[in-house]
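The chain contents come next:
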Amino acid sequence: MKKIITLFCLQFCLFAQAQEYSSSNIHSHNDYESKLPFYGAYSNETGVIEADVFLVNNELFVAHTSKEIASHNTLKSMYLEPLSNKLKTLEGRKAYPSNKSLILMIDIKSDADSTLKAITQQLKTFPDIISNKNIKVVISGNRPLPSLWAAYPDFIYFDGRLNENYTSDQLARVEMISEDLHEITVWNGKGVLTQPDAEKIQAIIKKVHDQKKKVRFWATQDNVNTYMTLMNLKVDFIGTDKVAELTQFINSIKTTFYQNTEFHQAYVPKNVFKNKRPKNVILLIGDGMGLTQIYSGYTANKGQLSLFNIPTQGFSITKASDSYITDSAAGATAMATGHKTNNRFISVDEQGKPLQTIAEQLAKRNYKTAIISAGNITDATPAAFYAHQPKRSLSEPIANDFLSNSSDILIGGGQKEFISRKDGKDLSKTLIEKGYTFSDKFSSLDTIKNSKFVVLEDAAVVSIKNGRGDFLTKSLAKATNTFSKTKNPFFIMAEGAQIDYGGHQNNVEYVVREMLDFDKLVGQAMEFVDKNPETLLIVTADHETGGLSLIDGSIEKGYVHGSFSTNDHTAIPVPVFAYGPGSEKFMGVYQNTAIYDKIMELIEKK
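Residues numbered from 1 in each chain as written. Predicted model: local features only at pLDDT ≥ 70, side-chain atom pairs only at ≥ 80, totals over all residues. Heavy atoms only, no water.

Caption draft 1: Representation of the overall build of the chain within the structure. Per the secondary structure count, the chain includes 22 helices and 24 strands. Relative to its 606 residues, the chain shows a buried fraction of 58%. Contacts in the chain between residues at least 24 apart in sequence constitute 69% of all its contacts with a sequence separation of at least 6. Element-wise, carbon and sulfur atoms account for 50% of the exposed surface of the chain, whose accessible area totals about 25300 Å². Computed over 67 positive and 67 negative side-chain charges, the separation of the two mean positions in the chain equals 5 Å. (Helix = DSSP H or I, 4+ residues; strand = E, 2+ residues; numbered from the N terminus. Buried < 20%, exposed > 50% of the residue type's maximum accessible area, 1.4 Å probe, protein only. Contact = heavy atoms within 4.5 Å. Areas by Shrake-Rupley, 256 points an atom, 1.4 Å probe, with all protein chains shown as cover. Lys, Arg positive; Asp, Glu negative; His and termini not counted. Charge placed at Lys NZ, Arg CZ, Asp CG, Glu CD.)

Caption draft 2: Fine view of helix H5 (residues 112–123). Given a rise of 1.5 Å per residue, 12 residues ought to cover 16 Å, and the 16 Å separating the end C-alpha atoms of H5 matches this to within 8%. Where H5 begins, one side-chain oxygen reaches toward the backbone nitrogen of aspartate 113, 3.4 Å away; that side chain belongs to aspartate 111. (Expected span 1.5 Å × (residues − 1). Polar contact = N/O pair within 3.5 Å; in protein donor to acceptor, adjacent residues only side chain to side chain.)

Caption draft 3: Looking closely at the packing of aromatic side chains. Per the counting criterion, the structure on display carries 17 aromatic pairs. Arranged with centres 4.6 Å apart and planes meeting at 40 degrees, the rings of tyrosine 42 and tyrosine 96 form a pair that is tilted. Of the two residues, tyrosine 42 sits in helix H3 (residues 39–43) while tyrosine 96 sits in the loop between helix H4 (75–88) and strand E4 (102–108), which places them 54 residues apart along the sequence. Residue tyrosine 42 is classed as buried on the basis of its relative accessible area, which comes to 6%. The interplanar angle of 55 degrees and the centroid separation of 5.9 Å between the aromatic rings of phenylalanine 402 and tyrosine 436 together place this pair among those described as tilted. (Phe/Tyr/Trp six-rings, centres within 6.5 Å; stacked < 30°, edge-to-face > 60°.)

Caption draft 4: Fine view of the nonpolar core. Judged by nonpolar contacts, the single largest core of 67 residues is most densely connected at Tyr79, Ile139, Ile156 and Phe217. The element contributing the most residues to this core is H4, with six residues. With residues near it in sequence (within four places) discarded, isoleucine 156 still touches Leu116, Thr120, Leu123, Val137, Ile139 and Arg173. By size, the runner-up hydrophobic cluster in this structure holds 53 residues, among which are Leu472, Ile499, Val529 and Phe577. (Core = buried A, V, L, I, M, F, W, Y, C linked by side-chain atoms within 4.5 Å.)

Caption draft 5: Layout of the environment of isoleucine 409. Within the secondary structure, isoleucine 409 sits in strand E14 (residues 409–413). Its relative accessible area of 0% is what places isoleucine 409 among the buried residues. Put simply, isoleucine 409 and lysine 478 are 69 residues apart on the chain and 9.7 Å apart in space, counted from C-alpha to C-alpha. Once residues lying within four places of it in the same chain are set aside, the contact partners of isoleucine 409 are Thr369, Ala370, Ile371, Ser451, Phe453, Ala479, Thr482 and Phe483.

Caption draft 6: Seen up close, the environment of tyrosine 559. Along the polypeptide, tyrosine 559 turns up in strand E21 (residues 559–563). Tyrosine 559 sits 47 residues away from valine 512 along the chain, and the two C-alpha atoms are 9.8 Å apart.

Caption draft 7: Looking closely at unusual backbone geometry. The phi torsion at asparagine 99 lies on the positive side, around 75 degrees, for a residue other than glycine. Here asparagine 99 is to be found in the loop between H4 and E4.

Caption draft 8: Seen up close, the confidence of the model for the chain. In the predicted model, the chain carries a mean pLDDT of 95, and the fraction of residues at 70 or more is 96%. Scored below 50 in pLDDT, residues 1–12 shows 17 contacts in the model against residues more than four places distant or in partner chains. (pLDDT = per-residue confidence, 0-100.)

Here is the structure:
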């Protein structure tokens, strides 16, 4: 039971503990060796700034070894004077503008007693430092015996050791207790600690914390996995030579960690389809949805995802005509037309010539078509299925293109591009004249009787966190119910637009919640296929966004911790899932244009 509890704490307590961490928990190790000694650590408001010091000819030099001593690198010039100058710019008794505390750790490399006496004398010439209640000078390395500490001024504190026993007066002079991690474990910062080592370290930390002291380990690896492990263990100071990177890591934890609290039951497919061709096609596009986004949803939903229950999978290569990395415009155009094009182009070729979309082609064959997006309907992905423009930013011309499109249903945001345009046109009136029902209220969806309608409301496509509710599932249900009343085949494209938004914001919670919302749509579509086995379901993405990797997580508890490499798109292939008649065609690895080709091949041979 003890081992289970230990593992639970190591795996599950990170978020609550990590949120308590700040740059005050950073120990700028060997700070003098950084590119910008003192100033780099100070600008990030680190809790500890460490300098190794040698006493030579009555001067205090900062260096890692005696051979590296340089005449200009003194404790006074590198640390005491810069700190004093910073203090002069602050009001009151602050160490930092934010009022955080600062420890100046001086690691003595020469004789303990004589060096500390010199340090003490030099510090007395900086009364603004030694009198500041938010600054402590802590002596590490070669320290005088604890029995001699009382001989030094009260502004001198000491770095304690695990194997030293202190009187109550001596313990009062101990600011922290430090230990070489290599003396405890051979763990190299990769993977996880062994259970015995984890318990040994936790026992040490508990002992230190029971003494009301803070704990630090030296000789730790300088990588993300080590940072996370130390935070899991509640280590107070994390040593690093990468102050800016660790500061950014700590500051970003709130957006890169997500603990899910709302779980849904994954849909399990019930049919097997062999040598059949589809009558209907549902194409679901998770914008920005790479394999990591999918697996983050699987993890957060405690190992359940409707998408992962689809038995047929492939991979789509997303490269655009003019770029190794596609944007949504070129990516969606490839799927909508079967042609590669340049980034930012909406269903036009590299020369700007319109390309016929799948919706336009199928309409000629008496297909009913619907385009749905949990974002602005004039954004790149949905636009590529009905518009033809050389720039994705031409939102009003894109909206105007829908007037000449033959799609029956349009649902999403973007109402102003239709009814509050800069050119003064009200496209809703034209659409009504063409036989559509037009509404700017999503709530009207249930009452619409017409088989042709446009429903656009910006407030209905906010992030799922902010209350979008069942927008996607309700929209798909309305479209399928409407089309099922006719004998015509149909094509539906529905986009989970905001997985992409979360990737651009480098926000794991945003990504996961949108992913799980999209998976509910996938489950609903799978169920529709089982009840209407002449329907082919394809689920894919236009590209991956954020370069998301998962650096920690728990399927049992439903939490994920991610790391982003970019706030833009990446070039990695994206998964393709297919369920229904003809789904076997979507196995393998192929260009994104092949999604269009495979759909049309199945329909043409029907």
